[in-house]
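Each chain is listed here by its residues.
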Amino acid sequence: MELKRINDHVSVSGQIQPEDVKTLKDLGFTAIVNNRPDGEAPDQPAGAEIEAAAKTAGLAYHAIPLGRDGVNPEMVAQTKAVLEGSDGKVFCFCRSGTRSTTLWALSQAGDAPASQIIAQAAEAGYDMSHLAGYLGQN
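Small disclaimer: the values here were computed from a predicted structure and weren't measured.

(A) Region of interest: helix α2 (residues 47-57). Where α2 is concerned, the buried positions are Gly-47, Ile-50, Ala-53 and Ala-54. Burial along α2 is one-sided: seen end-on, the buried residues are contained in an arc of 125°. Turned more than 90 degrees away from the buried face of α2, the exposed residues are Ala-48, Lys-55 and Thr-56. Structurally, α2 contributes buried residues whose contacts are with α1 (21-26), β3 (29-34), β4 (60-63) and β5 (89-93). Looking one or two residues past α2, Gly-58 carries a phi angle of roughly 80°, positive in sign.

As structure tokens, then:
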């Protein structure tokens, strides 16, 4: 598991395993957001396995899968609600972290300047410059 810190509140990574959840708890995360649809890869653990590990560890778990149909406003609103409703650090994952970073970035539109959102994503290794037009809107 390679964590990439977006800011003090949000970090992302690629696919995690149920046994990684304890490490996330030990690192101070209070919520996990799964942005990967089940069944994308044969070696991918089911979301329910990670959810069970999260509940056992006392972490909140949210599934906001971003698949082939792409992003929709409901996913962005759900992401924003999770981030705003969390009482601590939030960890988001997908296959590589890109979809998680995309949803985070879009959820910040109107709350932070597009340049700041793009810069924070870039510092974590994700290029969100293609979203600049969307990030400048409320």
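(B) Broad picture of the side chain of Thr-102. Summarising the element assignment, Thr-102 is placed in helix α4 (residues 98-108). The class of Thr-102 is buried, set by a relative accessible area of 11%. The residues contacting Thr-102, other than those within four sequence positions of it, are Val-71, Met-128 and Leu-131.

(C) Expanded view of the sheet that holds strand β1 (residues 4-5). One open sheet accounts for five strands, arranged β1-β2-β5-β3-β4; its pairing is mixed. Edge positions in the sheet fall to β1 and β4, since each has one partner strand and no second. As defined by bridge partners, β3 adjoins β4 across four bridges and the pair is classed as parallel. Considered in β4, the bridge of Ala-31 is made with Ala-60. Running over the sheet, α2 touches β3, β4 and β5 and is turned about 160° from β4.

(D) Focus on the packing of aromatic side chains. Tallied over the full model, the rule gives two aromatic pairs. Centroid distance Phe-29 to Phe-91: 5.8 Å. Interplanar angle 70°. Geometry classified as edge-to-face. Residue Phe-29 is found in strand β3, and its partner Phe-91 is found in strand β5; the two are separated by 62 residues along the sequence. Phe-91 matches Phe-29 in its accessibility class, with the two residues each being buried. Centre to centre, the rings of Phe-91 and Phe-93 are 6.2 Å apart; their planes meet at 20°, and the pair counts as stacked. This pair shows no difference in class: Phe-91 is buried, exactly as Phe-93 is.

Criteria and thresholds
Residues numbered from 1 in each chain as written. Predicted model: local features only at pLDDT ≥ 70, side-chain atom pairs only at ≥ 80, totals over all residues. Heavy atoms only, no water. Buried < 20%, exposed > 50% of the residue type's maximum accessible area, 1.4 Å probe, protein only. Helix = DSSP H or I, 4+ residues; strand = E, 2+ residues; numbered from the N terminus. Arc of directions from axis to C-beta. Contact = heavy atoms within 4.5 Å. Pairing = 2+ DSSP bridges. Axes fitted to C-alpha atoms, helices over the stretch in contact; angles between N-to-C directions. Phe/Tyr/Trp six-rings, centres within 6.5 Å; stacked < 30°, edge-to-face > 60°.

These results come straight from atomic positions and should not be treated as a statement about function.
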